[in-house]
Each structure stands twice: as structure tokens, then as C-alpha cells.
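# Structural characterization, general
Below are the chains, spelled out letter by letter.
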Amino acid sequence: MRPQNFPSRLRATAILVGVFVLAGVSAHAAITAKLTGAIYTLGADQVQTVWPNARVTLKNKQTQNAVSTVSNERGEYFFVGVEPGDYELTVALAGFETEVRQVRLDPKADVKLDIPLRPKKRTEEVVVKSEAPGVDISTTSTAGPTLTANTLKSVPLLNENFQDALPLLPGVLRGPDGLLNIKGGRANQAGTLVNSVSSVDPVTGLAAIGLPLEAVGSARVLSNPFSAEYGRFAGGVVELETPGGTDEWRFALKSFFPRFRRRNDTIMGIESIRPRLTVSGPLRKGKLYLLQSFDYKFVRTRVPSLPDLQNDQVVETFDSLTQFDWNITPNHRFTTTVSIYPQNLQFVNMNTFNPQFTSPNYRQRGYQVAVTERSIFSNGGFLASTFSVKRFDAHIFPAQLLAGELDLFSEMNFGTFFNRQDRESKIYQWAQTYHFHPLSAGGTHLLQVGYFYARSDYAGTVSNLPVLVLREPATPGTDCTKDVTHTVCTLSQRITYGPPGSLAATKNDFALFFQDNWQLHRQLTLDFGVRFDRDDLSEDAVNVAPRIGFVWAPTRDNKTAVRGGVGLFYDKIPLNVATYLAYPAPTITRYDATGLNIVGGPVTFVHVVAAPDGRLHVPYSLGWNFQVDREIVRGVLVRFGYEQRETHRDFVLEPFETTGSAALRLLNGGRQSYREFQATVRWQPGERTTLFASFVRSRAEGDLNTFDQYFGNYPYPIIRPNQHGLLPYDAPNRFLFWGTIGLPWKIEFSPVLEIRNGFPFSNVDNDLNFVGQRNAAGRFPVFGAWDILVARKFPVRLFHKKVTINTGLRVYNLTAHDNPRDVQQNIFSPHFGQFFNSVGRQFRGRFEFEF
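Quick look at the overall build of the chain now. Across its full length, the chain holds four helices and 56 strands. For 851 residues, the compact-globule formula gives about 29 Å, and the C-alpha radius of gyration of the chain, at 30 Å, lands near that figure. C-alpha atoms of the chain, sized along the principal axes, occupy 110 × 70 × 65 Å. Across the 851 residues in the chain, those meeting the buried criterion constitute 55%. For the chain, restricting intrachain contacts to residue pairs at least 6 apart in sequence, the fraction spanning at least 24 positions comes to 68%. Carbon and sulfur atoms provide 61% of the accessible area of the chain, an area that totals close to 36300 Å². Each charge sign in the chain was given a centre, from 89 positive and 78 negative side chains, and these centres are 7 Å apart.

Written out as C-alpha cells, the structure is:
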């Protein structure tokens, strides 16, 4: 209906309403405020350099409402039509400190606030703040939320280390071997960076560093980082940043009360003690800062399915981080970190079928020293240079130090662990990355170029004891440990090994990369990168890894982001792969049903590298993802994403036997695949409450005879023909809910709920041959665990000093859900198909001092 056809009274009413609306809009415009400014750095010659792509957030301190924007190509940001009040302005840009300013906006105010940036400096100060509001449209990365120091303190972590927090992120899973698997990759396919320095064992490729919990300022997991600065991984990257000293001395003393071991209502020694001490502060204010953090841990962990006093695994570790930050000038910073991380582990991998004396012990020694220098030049360029030295020694040996053999029997193994390794390794690393002044050409380009060099040296020895495979007896319940003649529990196979092997290898890695973060428009950014890798153990002269990522904001309200990309990611060749030919070769003898007559062998499986000239290729993965983020209402963000990764040229083993000869071939053509659909919701109803809920549907499959199973830290002696199937850590459905809820009286409640499918397992026969397809016999029962932490801080004054006492109660597996970890796989066992070794409900207290 047209307005001119309105009845006169209705027309008059409409005009009157319009007048009031226009008057209201005019009045609102008259009382609102405006805030603008520029983001810049100041060079040594006092020349200003502006920075685009900085994320700028303005939050009303009374209502907690927040809006965000991104600085344009001139480094400018704008907030118009802002309600008067007190606000907090936050500016964040990668490589620089997060800047926070308090600003008051009066009615009709037009405030200009320029923000100078400072190169990133480690800081120990933890500000309790929630996730940034809105949707991040400044990065192409599809990483999950960053786990801040506050998060690490606020969630229930059983072992009180950062590794326990990583499975809070979708796609990160602790597998049946206790190691972390990122987006379907094995633990040794991931990279671990501490302040941009690689911290992996060059021999096995596993993460090889321990940090006190208080020495971790932030942790995040990158599955497909499209920035070319990341390399030497095929599964994902764990990126850790350490804090540093602040302008005030701070002390923290935590977990210093022991927990006693109780058996049959009797105290029998100490079960656990985990004291942690952290000191930080200025050695010279404004110039030199210190952070020192210690973490000692002694823990006995029960295996419930074994007899008491013979079922305790023992972990003893001491982790230390020392860090000095020297601000030479406002544009020149020098940081030195020193880490040590000795470990003594007893009865590793003990379970229902592997009692204490068939398990190995593990001893680790090592250190890592890293020196980083950061400079801002007068032309606006930014250079980061890093040199590091890492020593890592590992010793694996039988818990029962007696000459003998390992007897593999389906009901319970006996004898002694069969393998001994003594390894010493050292790695030197040097890297430089230069960030150019922003370049305007068809948009804004943030260019960076860098290189990386590493030299790794390894020397060690390995030896093996004989291994016997015993069949199930005809009479169930027979104790095979007393059948020394093997007449009842008949002998199936005898495996002996050649003389001890002397292992030595050296390799050089070099990489060059170029990256362009190209902001075509305020709402569209592309990441182009290419990385050139050279591993002198590889047949290839160079491996070229191109990558491209994008982020697009289809709306102007900064509430929607569409991001994704595709890239090649080259892994590494571990030094134990390079020394494969020097490992002792197995000689296998097979027996008939009586265990007395030889029916096969003895035959020696000679180690062979099945590649031309014995040269290898670096494994690689091709990964892509697509993700949509949307803030549907204030404080509620939803995310839908799909990710896929195909890994090629993996290292796998294949036994090969013909008449009169046999070989254990190392192949360089293994494959893996991972597919994942993710749905995540983040709800932030207030400053003290943030909750995450995610569901992941995934599938992980690949070749199953991977090298690390048989020549890693804790090798398995039985090698059967390779198959392609579900990976041991495949969990197709996983629901995760966690976060922190601020309750009245300053109480914080932190729940962590995980529900997922159990891991797959295989069936075997009396000869330990697989029956049917591997990892297709069934799955463990559905895993469910609900952990909680209830905590409160009490500020008090002791000796005229302000002291914060943190108290709390942690409960693990609150519902005492049955989560077995072992299964009887032998189809001839009377216990076939039964599950064992579930850990019940556990209580832990918290009592900490901070001052």
C-alpha cells in the first residue's frame, strides 16, 4: 500500500512516528563518539612504519560488548557511532606484543589514539581474559583456540603438563600407546617448536623436551599451516611460546604436598610428589629480565589388572627452564633460554599382559640452549635470528637386568625385555627470518623470507636378547612360567639376533622459504608461500613445497570468516631410519604343534633398503581444508570445517621370504590418509566464562607396518606382512566439551567431558599371526571421561606481602566409567575378547602459593 493512500489519521501518525525516529537517530548521532588511530612502529631513526592487518578490538568495560576491526593498508582503524563510556582497546599483530589501552569516550568525542607496536617480548604476567570476541579475519590459519597460560592453569590436567592440554583441541588425540596424534598423523610425524626452535629427537622424530607448566605462556596446534616458515612435519605442528620476566618480582610455589601410596588401608611410601617453583622479575628494570622455573615429578601409577605392589609404573622427571630477556634498545632484543629435562622411567608400557620385569626402563638426559635476536630496522623491516644447540641422550634397557629371553605368551608375557639401546645425539640449528616493510601493490603485501640450517649427529648401540613365542596349552590355566621345557606351553617360534649393532649417522638439513601475506581488500587476504627443503640423506636434491591459503569476510560486520587452503608439507628422515642396515638382523626358527620339531628355518631376515642405491626419499603430505566461522549472536561462535590429508613415501617394513633366503625390506612407499569433518561451538556469556563444544567425524587409515613400531624407543619383535587398514588410533566419532565457568564467590568450575569410539584392535592365533584384517576385529568399548576442577583464589597478606593462595579439588573420571585399555586378542585363549585395565575415579587436591 502506498503512503499517499493512507487514511489521514494513519498518515498523521506515520509522519509523527517518522519525526520521532529521525529525532532519535539525530539525538543518538549527537551523543555517540568516534575513535580512530594508526598502528605503527618507530625505527631507530625515529621514522614511523605503519602496519596493516592488525586486529583491533574495542570492548565496553561496563557491558562487556566488543567490536573488532582490522587496520587498513595505511595502518588506520576506525570506530564510529560508539556509545560513550569506558573502553579497553586491544591491538594484536603476529610478531609483536599485544597492546592494551584504556580509553574514555565522552559524548560527541572524536578521539585519535595512535598505537606504537613493540617486537614480541616474553612476559610472565597472565591476564585472566576470555577468548577474543567476534571472528578473526586476519589469518588464514585454521588452528583451534590458543591454549593460554590461564587455560593451562584452569583446566584439570592429570599430569600437570602442557601435553595433557593438547587433546582439548579437536583432532588431537592421545593414542593407545600414550603418544599424541595430530589430525591422523603419528606422533613422530609432528613438529614441536619452542619459541620457533625445533625440539624433536633427531633419531626418532618424536618430541623431546620437557617444560614446567608455568614456563608455557601459550600452546597451539597447527594442522595445515600455510605459512612456508613451517617445515619438517607431515602431521601437524605444536607451537609453544615461553613467557618472561616482568617489572615486578613474582614467585610461585605449587603442588609441594606429597600424596601417599595406600595399599590395603596401609600407607606404603609416597605415591606422588610434584613440587614446582617459578621465579621471575627484573634484573634491571626496562633492560634485563629473568624467568626461572623448576618442575620435579615423582609419580607411581597403578595398573589395576596386576597384583598390588607389582603394578606400579614409576615416572621421575626434572624439568627446568631459564630465560633471560635483554632489551638492548627499544628496537633490539636479545633472548637466551636454557632447558634441561632428565627423566627416569621404570616399567614403561606395563599392562595386563606385560608385567614389570618384561617391561623396559628408560633414562633420558639432555639440554637445549637457544639464543634469539630481534631487530627492527629504520626502513621498517623486522629480522629474527636464532641459534640453538640440543643434546639428547636416551637409554632403553630391560627392567630386569639379567641375561635371558623374552617369552611371549597370550595370557601373560614373562622373562625379560629383549631390547637395549644407548643413544647420544646432538643437533645444531641456525635460522633467520626477515619481515619486509609493508608493500602497496594491488593491495598490501606483508613479505617475509627466511632460511634454516640444521646439523644432526648420532652415535649409539643396540642389542637384542632371544624371543620365544609360546602357544596356548591344551589344558587352560597352565602356568607357562613354570613350564621350562616348553612341553605343555609348546614353542611356536624362536627369534635370535645378530651381534650388537654400532649405529652412527650425520645429516644436514637446509631450507629456504618465501611468504607473501597479500591483503587484496579489507575483506580478503591470500597467503602465498613456497619452501625449498634439502635433506642430504634424501635421493632428491631439493623438495619444493608450495602453499596457498585464504581468508574471506563476506560481510562487513566482522562476524563471518571463510578460510582454507592447500599445501605440500615435507617431513624428515629420522636418523634411526638412516642406520637401519646396522641393526641386528633377526633369525627365526619355527616349530610344529609339539614344539619339538623344526618346520621352518632357521632363516635370517637380512635388512635391505628397497630403494635404488639404498637412498631414501623424504615423506610428504598433501593437505587441504575449508572452514566457515560465524558469530551467530554476541558471544556465540560456530565453526564448520572439513580437512583432508594424504601422506606419501612413508617408511614401512615388509618381511620377504623365499626358499633359502629372507629379507626384512625397508620400503619408502607407505601411504596414509585422514579425513575430518568438524563442528565447534564457542560460547562466551561473560568475562569469567568460556565454553567449547566440538564434534569430530574422522577416519584415519594407512599402512600398518610403520618403521617406528619395530625400531623406535620400545620395539615390538614380531613383524608380520604389511597391511593397509585403520590406524591404531582411529576414533571415527568424538565429542568434546570443556571450558571454565565463573561461579559466585569467585569460584571457578572447569569441566572436561570426552566421549568417543574405542580404538580398533586385531585378533591373533597361537603363532601371533593376524586372523583376518588387522584392526578390524572390533573396537574397545566407548570411551567416556568427565574430569572437573573446582578452584578458588584467596588473597592474603603474609609478612607484609600480598600472597594469593590457590585452592581446589580435581576429580578425574567422575562417573567411574569403565575405560579398559587392554584386550585379550588370542582366539585360542579362554579369556578371548575380554577387556582389562580400566582406571577408576581419582581425586587430587590443589594448594598453591603465588606472590
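This part takes up empty space enclosed by the protein. Counted according to the given criterion, the structure contains nine cavities of 30 Å³ or more. Counted as a void, the largest cavity has a volume near 180 Å³. Residue lining of the largest cavity: 21 residues in total, with Gly144, Pro145, Leu169, Pro170 and Gln678 positioned closest to the centre. Sorting the residues of the lining of the largest cavity by element identifies strand S15 (218-222), strand S43 (661-686), strand S44 (689-703) and strand S46 (733-743) as the ones contributing at least two each. Residue contributions to the lining of the largest cavity peak at three residues, all from S44. Along the wall of the second largest cavity there are 14 residues; nearest its centre are Gly171, Leu173, Tyr674, Ser698 and Tyr729. Put simply, the parts of the chain that give the lining of the second largest cavity at least two residues each are strand S11 (172-174) and S44. Ranked by residues supplied to the lining of the second largest cavity, first place goes to S44 with four residues.

Attention now goes to the pattern of salt bridges. Opposite charge on two side chains lets them pair, provided their charged atoms get close. Applying the stated rule across the entire model yields 49 salt bridges. The partner of aspartate 509 in a salt bridge is arginine 232, and the shortest N-O contact between them spans 3.6 Å. Of the two residues, aspartate 509 is situated in strand S34 (residues 501-521) and arginine 232 in the loop between S15 and strand S16 (236-241); the sequence distance between them amounts to 277 residues. This pair shows no difference in class: aspartate 509 is buried, exactly as arginine 232 is. Residue glutamate 657 is joined to arginine 590 by a salt bridge in which the shortest nitrogen-to-oxygen separation is 3.4 Å. Taken together, the residues glutamate 657 in strand S42 (residues 636-658) and arginine 590 in strand S38 (residues 586-591) connect sequence positions 67 residues apart. Judged by its relative accessible area of 27%, arginine 590 falls in the partly exposed class.

Our next topic: the sheet that holds strand S13 (residues 190-194). An order of S10-S15-S16-S13-S14 is seen for the five strands of this open sheet, with the pairing classed as mixed. Strand pairing shows two members of the sheet lacking a second neighbour, strand S10 (147-148) and strand S14 (197-198), which therefore form its edges. Where S15 and S16 come together, five bridges link them in antiparallel fashion. Bridge assignment links serine 218 to a residue of S16, and that residue is glutamate 241.

Okay, unusual backbone geometry next. The peptide bond linking glycine 601 to proline 602 adopts the cis configuration, its omega dihedral lying at 0°. As for its placement among the helices and strands, proline 602 is situated in strand S39 (residues 598-604). For glutamate 160, which is not glycine, the phi torsion reads 50° and is therefore positive. With respect to the helices, strands and loops of the structure, glutamate 160 is situated in the loop between helix H2 (149-154) and S11. Given the relative accessible area of 9%, glutamate 160 is considered buried. Of note in this structure, asparagine 775 is not a glycine but carries a positive phi near 55°. With respect to the secondary-structure elements, asparagine 775 resides in the loop between strand S50 (770-771) and strand S51 (778-779). Under the relative-accessibility criterion, asparagine 775 is labelled buried at 12%.

Our focus in this paragraph is the packing of aromatic side chains. Following the criterion strictly, the structure yields 29 aromatic pairs and no others. Arranged with centres 6.2 Å apart and planes meeting at 40°, the rings of tryptophan 518 and phenylalanine 528 form a pair that is tilted. In this pair, tryptophan 518 sits in strand S34 while phenylalanine 528 sits in strand S35 (residues 524-535), placing the two residues ten residues apart along the sequence. Look at phenylalanine 780 and phenylalanine 835: their rings are 5.4 Å apart centre to centre, the planes differ by 55°, and that puts the pair in the tilted class. Of this pair, phenylalanine 780 sits in the loop between S51 and strand S52 (783-798) while phenylalanine 835 sits in strand S55 (residues 835-836); the two residues are 55 residues apart in sequence, bridging distant segments of the chain. Residue phenylalanine 835 is classed as partly exposed on the basis of its relative accessible area, which comes to 31%. The ring of phenylalanine 783 has arginine 756 lying over it, and the distance from NZ or CZ to the ring centre is 4.4 Å.

Right, let's get into the side chain of lysine 507. If you trace the backbone, lysine 507 turns up in strand S34. According to the relative accessible area criterion, lysine 507 is buried, its value standing at 2%. Among the polar contacts made by the side chain of lysine 507, one reaches the side chain of aspartate 535 at a distance of 3.0 Å. Dropping the residues within four chain positions of it, lysine 507 is found in contact with Arg232, Ala454, Arg455, Ser456, Asp535, Asp536, Leu537, Lys572, Ile573 and Leu575.

Here the focus is the sheet that holds S39. Strand order in the open sheet formed by six strands is S28-S27-S32-S33-S38-S39, with mixed pairing between adjacent strands. Two strands bound the open sheet, and with one partner strand each, they are strand S28 (414-415) and S39.

A few words on the pairing of strand S37 (residues 560-570). Here is the key point about a regular strand: its side chains alternate between the two faces of the sheet. In terms of residue burial, S37 counts as a mostly covered element, since ten of its eleven residues are buried. When strand S36 (residues 543-552) meets S37, the two strands line up antiparallel, connected through six bridges. Paired with tryptophan 552 across the bridge in S37 is valine 562.

On to the environment of valine 50. With respect to the secondary-structure elements, valine 50 resides in strand S2 (residues 48-50). Judged by relative accessible area, valine 50 falls into the partly exposed class, the value being 29%. Between the alpha carbons of valine 50 and proline 438 there is a distance of 7.8 Å; along the sequence they are 388 residues apart.

Calculation rules
Residues numbered from 1 in each chain as written. Predicted model: local features only at pLDDT ≥ 70, side-chain atom pairs only at ≥ 80, totals over all residues. Heavy atoms only, no water. Helix = DSSP H or I, 4+ residues; strand = E, 2+ residues; numbered from the N terminus. Rg over C-alpha atoms; globule rule 2.2 N^0.38 Å. Buried < 20%, exposed > 50% of the residue type's maximum accessible area, 1.4 Å probe, protein only. Contact = heavy atoms within 4.5 Å. Areas by Shrake-Rupley, 256 points an atom, 1.4 Å probe, with all protein chains shown as cover. Lys, Arg positive; Asp, Glu negative; His and termini not counted. Charge placed at Lys NZ, Arg CZ, Asp CG, Glu CD. 1 Å grid on protein atoms, 1.4 Å probe; cavity = no way out; pocket = protein on both sides within 12 Å on 5 of 7 lines; lining within 4 Å. Points joined across faces, edges and corners; volume = space filled by probe spheres on them. Salt bridge = Lys/Arg side-chain N within 4 Å of Asp/Glu carboxyl O. Pairing = 2+ DSSP bridges. Phe/Tyr/Trp six-rings, centres within 6.5 Å; stacked < 30°, edge-to-face > 60°. Lys NZ or Arg CZ within 6 Å of the ring centre and 35° of its normal. Polar contact = N/O pair within 3.5 Å; in protein donor to acceptor, adjacent residues only side chain to side chain.

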